[in-house]
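# Results of the structural survey
Each chain is listed here by its residues.
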Amino acid sequence: MIEKLVAEFKKVYNYNGNVDIFFSPGRVNLIGEHTDYNGGFVFPCALDFGTYGVAVKRNDNKFRMYSMNFENIGIKEFDCNNIVYDKNDNWVNYPKGVIKTFQDAGFNVNQGFDLLVLGTIPNGAGLSSSASLELLISVILKDFNNLDIDMINMVKLSQIAENKFIGVNCGIMDQFAIGMGKKDHAILLDCNSLNYKYAPVSLKGASIVIANTNKKRGLADSKYNERRASCEAAVKVLNENGVNIKYLGELSLEEFDKVKHFIKDEEQLKRATHAVTENQRTLEAVQKLNTGDVKAFGKLMNKSHISLRDDYEVTGFELDSLVEAAWKAPGVIGSRMTGAGFGGCTVSIVEDDKIDNFIEIVGKEYRDKTGLTADFYVAKIGDGSRKLGEF
Ligand code: NG1
Ligand code: MG
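Residues numbered from 1 in each chain as written. Chains lettered and ligands numbered in written order. Predicted model: local features only at pLDDT ≥ 70, side-chain atom pairs only at ≥ 80, totals over all residues.

### Description of the site of ligand 1
Within the structure, ligand 1 sits among 14 residues, and G126, C170, G171, G339 and A340 are positioned closest to it. The residue inventory of the shell around ligand 1, partitioned by class, reads five nonpolar, six polar and three charged. Residues lining the shell around ligand 1 come from more than one domain, with at least three contributed by each of domain 1 (2-200 + 383-390) and domain 2 (206-379). (Near = placed C-beta within 6 Å. Nonpolar A, V, L, I, M, F, W, Y, C, P; charged D, E, K, R; others polar. Domains from an automatic or database assignment.)

### A short note on the nonpolar core
Counting residues in hydrophobic clusters, the biggest one holds 95 residues, and the most contacted among them are V28, F43, I210 and L322. By residue number, the principal contributor to this core is strand β2 (residues 41-57), which donates 10 residues. Two domains share this core, each providing at least three of its residues, namely domain 1 (2-200 + 383-390) and domain 2 (206-379). Setting aside its immediate chain neighbours within four residues, F43 contacts N29, L30, I31, G32, A186, L188, T282, A285 and V286. Formed by 11 residues, the second largest nonpolar core is a distinct cluster that contains L248, L251, I263 and V276. (Core = buried A, V, L, I, M, F, W, Y, C linked by C-beta atoms within 7 Å. Buried ≥ 20, exposed ≤ 12 C-beta atoms within 10 Å, placed from the backbone. Helix = DSSP H or I, 4+ residues; strand = E, 2+ residues; numbered from the N terminus. Contact = placed C-beta atoms within 7 Å.)

### Section: the pairing of β2
With 14 of 17 residues buried, β2 is to be regarded as a mostly interior element. One ladder, built from 10 bridges, connects strand β1 (residues 20-31) with β2; its direction is antiparallel. Bridge pairing links R27 to A46 in β2. Examined bridge by bridge, β2 and strand β6 (residues 185-190) share two bridges and lie antiparallel to one another. (Pairing = 2+ DSSP bridges.)

### Quick word on the domain arrangement of the protein
Taken domain by domain, the protein comprises domain 1 (2-200 + 383-390) and domain 2 (206-379). Listed as interface residues are 25 residues of domain 1 and, on the opposing side, 38 residues of domain 2. Those elements that provide at least two residues to the side of domain 1 that touches domain 2 are β1 and β2. When the residues that make up the side of domain 1 that touches domain 2 are grouped by side-chain class, the tally is 13 nonpolar, 11 polar and one charged.

### A few points about the packing of helix α2 (residues 93-104) against helix α4 (residues 151-166)
The description of two packed helices rests on the angle between their axes and on the distance between the axes. Packing of α2 against α4 brings their axes to within 8 Å, and their N-to-C directions diverge by 115 degrees. The orientation of α2 relative to α4 falls into the category roughly perpendicular. In this structure, the crossing between α2 and α4 has a hand that is right-handed. Note on element contacts: α4 touches α2 through L157, S158, I160, A161, F165 and I166, opposite N93, Y94, K96, G97, V98, K100, T101 and F102. When the residues that make up the contact of α2 with α4 are grouped by side-chain class, the tally is eight nonpolar, four polar and two charged. (Axes fitted to C-alpha atoms, helices over the stretch in contact; angles between N-to-C directions. Parallel < 35°, antiparallel > 145°, perpendicular 65-115°, else oblique. Left-handed = near helix turned anticlockwise from the far one by under 90°.)

### Quick notes on helix α9 (residues 294-310)
For α9, built from 17 residues, the straight-helix expectation of 24 Å at 1.5 Å per residue is met to within 8% by its first-to-last C-alpha distance of 25 Å. Three or more residues of α9 are buried, namely V294, F297, G298, L300, M301, S304, H305, S307, L308 and R309. On its buried face, α9 is in contact with β1, β8 (206-212), α8 (266-290), α10 (317-328), β9 (332-337) and β10 (345-351). (Expected span 1.5 Å × (residues − 1).)

Structure, rendered in structure tokens:
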């Protein structure tokens, strides 16, 4: 892989010296869905596949960028003094956004560089190829400009880049999981306080299997914003009735049960119910995993899916078909949709000796039902964004 990347860089930029290589993972959320922007808990982990960046410093403050995933776009060039969003720049807006956000935060990031990237994360599948790229750029900026900044602050700036420059109003989960990832661990993150704890993920002869529905997410962004708005509306109603909270994630299930009658709108009530119960499930699931009860963890993943299907209504035919097929398959400990929903991926925990069979029979049932072919990945949990070295 490294040799291929170096060779490609040398060809694209007609260059012959040493290069630096950086890597930033994708992420999968094991449980805690649509809780991040509700100030609740999430439990994601970084993956062992992600985005590679080959970079060489320039003698000026220009940036040149090339992606092996979008060869037709070719090399894009821009100057550090004039960074503006351009829809024709496609993926290059992400690096632009990160550089601009670092500048706005007062960091001198004027060291120009040539960059070649290769993403091994399926795009738009809910595995966070965008946050992966953002953190990749953050790590390069830190390295090339000798910046005094820690990973948590790079995570925050990357989220700001996505919110303000790209215009996607995401929570902090993706950037946090990718920047702060740790091999063989998932991160229990309180998205309100940003307190976090690493939990070892030892699945006792089982593995994480990610399955991509290959259903395009379509209107996902507008529906995502609708869900956020419903939760905010529920908070408003509760506050008008004397509950004093900023986020639904602040309420325990018991507290919520006492005040939920104030929410008269049926849809808002369902959305809020998901946010509160999912938060509780996430804490319980991590407790179970910590005591080695993988089966109980899997059951909570199943319940998470049901809540996302019935209360939050973000699953859809494809995700439901894939998860239902998984629930029936031998050796499956748990299965649910992951990410924003409406399409994208599912995450399952499957006994190692049943994985081949799982891929075959779940894949077949899904194809028969939907006419789509799912892609499967047996995932390993890897470390967060980092420099791999000089080559
Ligand atoms: P995905 O589907 O991976 O893009 C989105 C949000 C997360 C979180 C999840 C739902 C973006 C970029 N990310 O994830 O912050 O809210 O949905 O749990 O929108
Ligand atoms: Mg994204």
